[in-house]
Every structure is written in C-alpha cells, then in structure tokens.
Amino acid sequence: MKRLAGWKSWLLTLAAALLPLDVPASPTGEQPAGVIASGTPSATPYYVRDSGVTGPTVVITGGVHGNEPAGAYAADQIRHWPITRGKLIIVPRANVVALKADKRNIPGEPVEVANLNRNFPKASEKESPRGALALALWEFVQRQKPAWCVDLHEGSDFNAMTGKSVGSSVIAFPTPDDKAVALAIQTAVNANITNQNHRFTLRGPPVDGSLARAAGEHLGAHAMILETTSKSQALSVRARQHRIMVHVLLNHLGMIDGSVTPELMTSRVPPITPVPRLAVYDDGGTGGVGAARIVEQVGRQPGTVVVRVCGDDIRAGALGQFNVIAVPGGSGSKEAATIGEDGRDRIRKFVENGGGYIGICAGAYLATSGFSWGLRILDAKTVSPKWDRGHAMVKLELTDQGRRILGNIQGTFDCKYANGPILCPAHVESLPDYEPLAFFRTEVAEHNAPPGIMVNSPAIVAGRCGKGRVVVSSPHPEQTKGLEEFIPRAVAWVTDRASIAEKTNAR
Ligand SMILES: [Zn+2]
C-alpha cells in the first residue's frame, strides 16, 4: 500500500491538480473529477460516475485511517464500476498524508485532532468539523447531498473473536432500512468464509465523530462503516471483501447491472497497445516481500496495470481482466492449495489462451509438471525431491536469449537464492521444451541436499504453453539489488511487447 500511496498516488494527485475543478464527471472513472483540499499536502482526488439516470447518490470513502490500506485499495478499484442509475462518488484516499506514513492518525497534528475519524460533527452538537482535512471532506460530502455514505476501514483483529477490535464487521445505523442492507451485506461477505472466527459481525451505530455517523446524524443519509481485518489476511483478500460488500449495496439500490461483479477491479477500456495488465497473487502460501517487490518494480513502468489478486478472485474468473499473472515466493504446495484445483485449471487455461505467467521460487515450483498440485504449464520438474537447500547469494550467468529478454549483463553476477527449484526436463508431450535464460554458476547444498546438481543447472527459464508464454526463476532477482529490471522485462516478454515492437520496427 505504501507503493500505491507513493509514486502512483503522487502522479494521480499531480494529474488531478492539473485539472480545473469544474471538469465534468468522467464516464469511465479513469480521470479524477476534482480534488479535495486542493493546494494542501492533504490534496486528494475524487472520482464521479454519473449514470445520467435519476437515482441515489452514493459517496464511498477509503483511507480515512492511514494504516488501513484495504479500503483505499478497494475504493480505487470500485471507481471503475459502470453505474446504470444514480451517481457514485468515490474518494479512494481520504487521508493521503497518513496513508503515505502508514499511520492511523494524521502525522504532525495535535493529538486531539489527529484521528480524522473522530473529527466530524458529533451527534448531539452543532459544532464544525475539527481540523482542516475533516472540514474539507465534510464540506465536500455535504455538497453531494448523499443518500448513502459508506466509509471503508479495517481493524487489527476479528471482531467475532475479540472485543478489542471492530475488524470484520458491518457498522450501520439502527434504522430498519440500514439494518436490512447491513444484514444482506453481512450474509454475502460471510458466504465464502469457512472459519467461524473470521466471520463478519453486525454492529452499530458508527462511533460518534466518525464521517459515517455525522452523515447519518446531520445529513439524513444512510451511512455505514465497513471493516475488514488486516490480521492474517492478504491485502487482496481484504479488498475483495470490501468489493463484495459495496457490490451488495449498489445492487440493492439498482445502481449496477449484472455486468458488474465483485471481481471487477480495473478499467474495461481495452488498452490501445498490449501494455501489461498484471495480476500479482499475494494470498495463502506467499511469504516475505516478493509480492510487494513485483508490484513496485512492474508498477513503475508507465501505463501498466498492477493489481493484487487472491485465490477467490482467480476462482471467480478475475484473470479475464489481465494478460499476465505473477506468483511470488513462499510455499508452492500451499499456494496451490489456496488457489485450489479450479483456480489452477483457470490459470492453465489463461496461459493456454495467450496469458503470460511469471513464477519466482515457489511460483516456479507451482508452474512445473512433476507435482500433483503443479500447474503443468512448463515442461520441467525438480531434479530432487529435497527442496530445503538453504538460503544464500549465488552466481548466475545469462544465456544469449536471457540477455535479449532480461538485459545485457555479461559474465556472472550475484542473485539471492532461497530454496528455489533445481529444474530439469519433464518430457511432457503436450508442452514444448523450455529454454534456459540463466544458469546457476555456484550452488548451495545445505541440510543434506544432494551436492553437485545445482551448479550449471538452469536458474531462469522461458517456456510456451498453448498461446501463452511462461518465465520462471528459481532465485530471487526481484529481491536482489541491481536486478530490479528482470521481472518488468520478463513481464514485457510474456505480454509480447518486445516482439510487437520488433515487428513495428521492421515495417
Ligand atoms: Zn479505521
């Protein structure tokens, strides 16, 4: 989330700041309609999707608390949903300074006004909002005359298990209408949660001084706070829960049609050129900083779309919005278990139909053909069942094709290694042979792993599966200083940008 709150949001804020304030609503939700708190460090864009058809106005806010990125992440996805009735107004990053700092409170503000979600007019008082940001947000929300205000948050722990956090709860006003919608939201979001302790609770009313409470008390709006839980859940899982909940409300209000599903995370506008639209799997089985590094490194390339996805997203068909998926390190078998058999079938079909696959370490194991849980999109298996070879910096050397795809590095160079697969051909008839892009030139063989099999074996390989391209890396270039371009270049190759550029140049 720091990445999203970093250069991307800075670019968006810059783009928004350059627009005049009376820019009409963008029908695609691509461009901000304006900026709140313009000219201040808290300046933040808002998006308007106006159906042009009479109906309710719904205001959705995310990122009011800066250490709760899921609401901001989900709101930034929901702004792409086409609206068929009424008007949807979205403020994805209400508290940009706190989001950038990854802090609940606004950095640098006196303690009594630091918690933005206590600064809105209290229920019993006719006072003004406290602090400049609350004032700017409150004036903005007031002007919209919203029928509904929905504020997306996340707690630190599951409310069903502890009274100490409101994580995973729907917090609504105790009016019959609000309660009925809250119950429908709770039922929908709980439908796929098998762990009883992780199920959403119903609570209310929203805490005094919160944006939702103030909107309910003083603007006569229906209002609720939707809370997911950051503990032990990937960002993609939490964002999905927010999308499911907002989807129920917009459906209830007749504002979306059947073409909008909770899986919709990106613009439907087809890209003019085949720029990468990358789904990064960050759910069960992943570990460490791999997913974050991929998001950061590929997200730097102008025009790319990079979105984190979970197992439920994949099983629900979310890959249709992307042209490449990346699976980072962790445990291949655990990743396979979370993605599930149906999800693995979907990834295989995605690649067969022309999608790209990038696998690093565990994601490389996952691509292979030697395990019952493997994707079988690469004609490779592991040389030895012994995977626990150890962690070390090892030497790699690129092949000629490796230099074409990954960058022109001559001679050997260092790369971080952490129990990645040692690959050899699996001789699967339906798959063409893989092509090495880099070889290991040194090896690690700890914990009684067989020595001698790693040195001079392929470290990074490219393959084809149906119409799709696959690149897997046993070591971790995404976590090695100086190799930050490897994964963006691999992504470009599997999305075929390079060959399209070559064709264009040849004309
Ligand atoms: Zn919060």
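Please read these numbers as outputs of a predicted model, since none were measured by experiment.

### Thoughts on the environment of R104
Right, on to step 1. Counting through the fold element by element, R104 comes out in the loop between α3 (96–101) and α4 (132–144).
Right, on to step 2. As for R104 and E68, which are separated by 36 residues in sequence, their C-alpha atoms are 7.3 Å apart.
Right, on to step 3. With near-sequence residues (within four places) excluded, R104 lies in contact with V64, H65, G66, N67, E68, N95, A98, N115 and R118.
Right, on to step 4. Side-chain polar atoms of R104 contact the side chain of H65, separated by 3.5 Å.
Right, on to step 5. A distance of 3.4 Å separates the side chain of R104 from the side chain of E68, its partner in a polar contact.

### Some words on the side chain of R308
Right, on to step 1. Along the polypeptide, R308 turns up in strand β10 (residues 305–309).
Right, on to step 2. Of the residues examined, R308 reaches a relative accessible area of 10% and is grouped as buried.
Right, on to step 3. Polar contacts involving the side chain of R308 include one to the side chain of D282, which spans 2.9 Å.

### Observations regarding the pattern of salt bridges
Right, on to step 1. The full count for this structure, using the stated rule, is 18 salt bridges.
Right, on to step 2. One salt bridge in this structure joins D282 and R308, with 2.9 Å as the shortest N-O distance. On the criterion of sequence distance, the pair formed by D282 in the loop between β9 (277–281) and α8 (290–299) and R308 in strand β10 is long-range, its members being 26 residues apart.
Right, on to step 3. Take D282: its relative accessible area is 7%, and that puts it in the buried class.
Right, on to step 4. Across the pair D414 and K395 runs a salt bridge, and its minimum N-O distance is 3.1 Å. One end of the pair, D414, is in strand β15 (residues 412–418); the other, K395, is in strand β14 (residues 391–398), with 19 residues separating them in the sequence.
Right, on to step 5. Judged by relative accessible area, which is 31%, K395 ranks as partly exposed.
Right, on to step 6. Linked through salt bridges whose partners overlap, the residues forming this network are R240, R243, E263 and D313.

### Brief notes about the coordination of the zinc ion
Right, on to step 1. Those donors, H65 (ND1), E68 (OE), E68 (OE) and H153 (ND1), are the protein atoms that reach the zinc ion, and they lie 2.1 to 2.4 Å from it.
Right, on to step 2. Here the zinc ion binds four donor atoms, and the angle range of 56 to 142° at the metal identifies the geometry as irregular.
Right, on to step 3. Mapping the donors of the zinc ion onto the primary sequence gives the spacing H-x2-E-x84-H. Take H65 and E68: they sit in the same class, and that class is buried.

### Notes on the packing of helix α2 (residues 69–78) against helix α7 (residues 235–252)
Right, on to step 1. Closest axis-to-axis distance for the α2/α7 pair is 8 Å, and the angle between their directions is 55°. Classified by the angle their axes make, α2 and α7 are oblique. Considering only the axes of α2 and α7, their crossing is right-handed. Here α2 contributes P69, A70, G71, Y73, A74, Q77 and I78 to the contact with α7, which in turn contributes L235, R238, A239, H242, R243 and V246.
Right, on to step 2. Residue composition of the contact of α2 with α7, by class: eight nonpolar, three polar and two charged.

### Regarding the environment of T412
Right, on to step 1. Residue placement: T412 occurs in strand β15.
Right, on to step 2. Here T412 falls in the partly exposed class, since its relative accessible area comes to 43%.
Right, on to step 3. Taking the C-alpha atoms as reference points, T412 and E154, 258 residues apart in sequence, are found 46 Å from one another.

### A word on the domain arrangement of the protein chain
Many descriptions give the size of an interface as the accessible area lost when the pieces come together.
Right, on to step 1. We note that the domain assignment places domain 1 (2–19 + 32–252) and domain 2 (277–506) within the protein chain.
Right, on to step 2. Counting the surface lost from both domain 1 and domain 2, the interface buries some 1100 Å², and carbon and sulfur atoms represent 50% of this.
Right, on to step 3. Measuring nitrogen to oxygen at the nearest pair gives 2.9 Å for the salt bridge that ties D313 to R243.
Right, on to step 4. When contributions to the side of domain 1 that touches domain 2 are tallied by element, the ones reaching two or more residues are α1 (2–18), α2 and α7.
Right, on to step 5. Here the residues of the side of domain 1 that touches domain 2 are counted per class, giving five nonpolar, three polar and four charged.

### Some details on the layout of surface pockets
Right, on to step 1. When its volume is computed, the second largest pocket comes out at roughly 480 Å³.
Right, on to step 2. For the second largest pocket, the lining is made up of 21 residues, of which N192, Q233, V237, Q241 and D312 are closest to its centre.
Right, on to step 3. At the level of secondary structure, the elements contributing two or more residues to the lining of the second largest pocket comprise α5 (176–190), α7 and α9 (311–315).
Right, on to step 4. In terms of residues, the lining of the second largest pocket owes the most to one element, α7, which gives four residues.
Right, on to step 5. A per-class count over the lining of the second largest pocket returns seven nonpolar, nine polar and five charged.
Right, on to step 6. Taken domain by domain, the makeup of the lining of the second largest pocket includes at least three residues from each of domain 1 (2–19 + 32–252) and domain 2 (277–506).

Criteria and thresholds
- Residues numbered from 1 in each chain as written.
- Predicted model: local features only at pLDDT ≥ 70, side-chain atom pairs only at ≥ 80, totals over all residues.
- Heavy atoms only, no water.
- Helix = DSSP H or I, 4+ residues; strand = E, 2+ residues; numbered from the N terminus.
- Contact = heavy atoms within 4.5 Å.
- Polar contact = N/O pair within 3.5 Å; in protein donor to acceptor, adjacent residues only side chain to side chain.
- Buried < 20%, exposed > 50% of the residue type's maximum accessible area, 1.4 Å probe, protein only.
- Salt bridge = Lys/Arg side-chain N within 4 Å of Asp/Glu carboxyl O.
- Donors = N, O, S within 2.8 Å, 3.2 Å for Na, K, Ca; no water.
- Tetrahedral: all angles 85-135°; square planar, octahedral: opposite > 155°, others 65-115°.
- Axes fitted to C-alpha atoms, helices over the stretch in contact; angles between N-to-C directions.
- Parallel < 35°, antiparallel > 145°, perpendicular 65-115°, else oblique.
- Left-handed = near helix turned anticlockwise from the far one by under 90°.
- Nonpolar A, V, L, I, M, F, W, Y, C, P; charged D, E, K, R; others polar.
- Domains from an automatic or database assignment.
- Buried area = accessible area lost by both parts, 1.4 Å probe.
- 1 Å grid on protein atoms, 1.4 Å probe; cavity = no way out; pocket = protein on both sides within 12 Å on 5 of 7 lines; lining within 4 Å.
- Points joined across faces, edges and corners; volume = space filled by probe spheres on them.

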